[in-house]
Structure formats: structure tokens, C-alpha cells
Amino acid sequence: MRMRSTPLKLSVILIAVFTLFISAGLAVAYGLMHGALKSDIDLRADQVIEDLRAIPEPVERIERAREIVSASDPRALLLRLELGGETLASVGALPDGVIDSEATGLPEPVADSYLVRHADLAPGALTVAVGRDSMAELHETFIAILGFALLPALMLTSAIGIVVVRRTAARVEAIRSTLHRLSQGSLDARVGSPHPDTDLGDISRDVDRMAEAQEAATGALRQIGADIAHDLKTPIQRVAVRLERLADTELPDAARALLDQAQEETEQIIATFQSLLQIAQLEGGQGRDGFAPVDIGALVADMAEIYETSAEDAGARLTCMVAGPLPVVGDRNLLSRLIANLLENALRHAPGTDIRLSLTGRVLTVSDGGPGIPEGQREVVLRRLARLEASRSTPGSGLGLAMVKAIADLHGARLTLGDAAPGLMVTVDFPA
């Protein structure tokens, strides 16, 4: 799951907002209850002080203090009354303010803390210590709420969020992967099994409908091209046969020269139509029936030996490096055609340069030192009959790399055009 995933970001934001909202609510509730309890403790201390201050007679004041002490739990209230040399005390001398239980000096367990108030009763002095156990209980209660309510809710929300994010991310990844495969030419790619009644389900269905329409349109265009090539192949072959018959007759030298040119052009047209038909057949999946184990390593070495003389005639130097045997399942003739097209392309467009043919691992590489192909045009040259402006003056029909791509796709290999700095580097990555 990628951190830049939109569903993940939204889930994290929602969980953060949920946590912040609940935490803020608990903090406000704690503050209000804490303030109310503090006010109650202050009021309790004030009530005791005013109660004793309202009794003018010392004897009655001491009696009232005894009644208060006897009726009060030491955890809730402690008194120290000094009046006319007599002291009524349930605690020793205490500092003013909030103190803990150890400051009382009492041997028995008392409250965790006390609020201590001193008052001058004129005559006499009064110390009141009101227990603050309720505030400690409030703190423990809110800690329990955090531990047994908020944290489990947060964990449950996070778990649900993770499940939702994973399912959504899987659907988004399926859509993204399908679009990527479609852009790479795999027109049979589909998202499939969309979620019903969801926006992602609607998008999935739209993507599949778009892919079906694109596949149908592309298939129709391929069929039209194949039909045209097939329909024109026969009459052109008839023209070639008639030209051959004409060549057997006596002709003036000028007519003979024109006849030779016509035969060359006709042969080029026939070769182009044959290549178009074969590419259409390969793109349609024909040829897999003849697949058998093939050692690409041995095939590369054989093709390098065959084209070594052609490279020397073109003023180029062909070097071959094969790391070892590479068994693949494929058609030997088609794979030979793939290597031959790549070598002929290098010899045609980069004569007089070093041409390197290598097989490392499962990657076949052919590179040259020619002008190369601009990055923005590398996808264009893989189309049928596509030729760059710089190649218009050289022989060819623009089908060599298109044939290579069709053969690579048929074998499940990935074809990549790169920069050899200088020159063109073509790599064919065979699947495991």
C-alpha cells in the first residue's frame, strides 16, 4: 500500500479527525467536571468555616467542632481548632493549600490529597482539610474511559479503515494496471468483477467498455489492413508474373531498364504485403501452435555468424557476447526473424559503426553507434509503415521494427527502445 494513495490519506485524515474530536470532547468534559468538583471542595471548606464562625460561645464552638469531626470520614474532612488554650484536632499542623496524605502525619490511610484552608475565628484559629478523593476518582475514571473506550474505538476504526483502504486500493490498482496495459497495447486487458453500486464500480465498467470498444476498433482496422493486403497481393503477384514473362522477350535497352525497375518495385510491394499479412497473423495469435523449446543463446551465436560478413561489407564491426544458453518456448524461425530484423535495421541505419549483439540473463540486446531515435519517436517507429523523416532516403518499408514487436508480443517478451549514447539500443526481455 503506497503512502501517496488517496484512500489511505483520506482514512488517516478521518481517523485523525475522529481522534481529535473525541479527545477534545473528553478534555472539555474533564475540565468541566474537574472545575465542578473543585468548587464543591471549596464550598465544603467554606461551609465548615462559616458554621463554626457563626457560633460565638467557645464551649459551643468546640462542641460543634466535635460533632463535625465525629460525623465525618477522615478521608473527607479533618479539623484543627485552637481556642482559649484548648485544642480540638484530628490532624496536626498543616500548610495552607493542596497537600498529599503524607503531609497529614496520620498513621491510618487517608485521602490521596487534601485542600487545606486556615481561618481566624477571633478568638481562636481553625484549620480545615477537605479530602480530594473525588478528583482522583475523576482522573482514574477518565483514564479508564481512554483505556477501555477511546483506544478500542480508535483501534476498531483503524482496522475498518485499513480493510476499506486495502479493498479500495486493490480496486484502484486494478484500474490503474488495466489502463497501463491498454496504453502498452494489451487491448484484451479488463478490470473485471467491478463492485456494484459504487463509483469505482462505475469507473471499472466504463474502463472495460472503453477497452472493448478500442479492441473492436483496432481489430476492425487490423482486419481491414489484412484484407486489403490479401486482396491486393494476388493481382500484384499476377503483375509480377507478367513482368517476368515480358522479361523473356526481346526489348530495347531503355525498355529493359524500365522493366527491371518495375520488377524491383513489384518485389518490394509483394514483400511489404507479405509482411503486413504476417504481422496481422502474429497480432491475432497465430504461430503459437508451432512453439517448442529453443535455445536463444545458440540462436544468437548462429545469427551473429551469419551476419558477420554482411557487417564487414557495410564497413561495420559486429561483436557478439552470449553469457550462456537460454531455453525459451517459442518459434525458432520467428525468433531468427526477430534477430535478423534488428541486425538489418542496425546495418541499414548505422553503417560503418560498431554493432553489438549480446544475451545476458534473459535480455537480448542489439545496439549500434548510429543517429539513434529521439525518445518521443520511439513508440511511433514500432507502428506498421512508420518511418522517420531521416530514414526516408534509405530503402525499407517501415515494417522491420513492427515485425519485431509483433514477434516479441507473441512470445510474451518486452521490447524496449533506448539510447546507446550514441546510437539505438533495442532490448528484448524474455519472460521466465
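Residues numbered from 1 in each chain as written. Predicted model: local features only at pLDDT ≥ 70, side-chain atom pairs only at ≥ 80, totals over all residues. Heavy atoms only, no water.

A few points about a negative patch on the surface
Put simply, the rule reads: Exposure above 30% relative accessible area and the lack of any salt bridge qualify a residue for a patch; like charges then connect within 9 Å, and the nonpolar side chains Val, Leu, Ile, Met, Phe, Trp and Tyr within 5 Å. Accessibility throughout is a Shrake-Rupley quantity obtained with a 1.4 Å probe, and a residue counts as covered only by protein chains that appear here. Any Lys or Arg side-chain nitrogen found within 4 Å of a carboxyl oxygen on Asp or Glu counts as a salt bridge. The convention is simple: Lys and Arg are positive, Asp and Glu are negative, and His and the chain ends are not counted. Lysine's charge is taken at NZ, arginine's at CZ, aspartate's at CG and glutamate's at CD. Comment: elements are numbered from the N terminus, with helices defined as DSSP H or I runs of at least four residues and strands as E runs of at least two.
Taken together, the side chains of Glu 244, Asp 248, Asp 260, Glu 264, Glu 265 and Glu 267 make up a negatively charged region of the molecular surface. Among the elements that make up the negative patch, the one with the highest residue count is helix H5 (residues 253-283) (4 residues). Structurally, Glu 265 is set in helix H5.

Overview of the confidence of the model for the chain
Using the following cut-off: Confidence scores here are pLDDT values: one per residue, from the predictor, ranging 0 to 100.
Scored by pLDDT, the chain comes out at a mean of 80, with 88% of its residues at no less than 70. Across the chain, the secondary-structure element scoring lowest on mean pLDDT is helix H4 (residues 199-247), at 73, and the one scoring highest is strand E12 (residues 424-429), at 92.

Side note on the sheet that holds strand E3 (residues 97-100)
Note the threshold: A strand pair is defined by DSSP finding two or more bridges across the two strands. Only the stretch in contact is used when a helix axis is fitted, and all axes are lines through C-alpha atoms; the angle between N-to-C directions ranges over 0 to 180 degrees. In this description, contact between two residues means that some pair of their heavy atoms is separated by no more than 4.5 Å.
Pairing is antiparallel in the open sheet, where 5 strands are placed in the order E2-E1-E5-E4-E3. Looking along the sheet, the strands with just one partner apiece sit at the ends: strand E2 (86-89) and E3. Averaged over neighbouring strand pairs, the angle between their axes works out to 15° when direction is ignored. Note: strand E4 (residues 113-120) against strand E5 (residues 125-131), 7 bridges, orientation antiparallel. Bridge pairing in E5 links Val 116 to Ala 129. Contacting strand E1 (77-83) and E2, helix H2 (residues 58-71) crosses the sheet at an angle of about 165° to E1.

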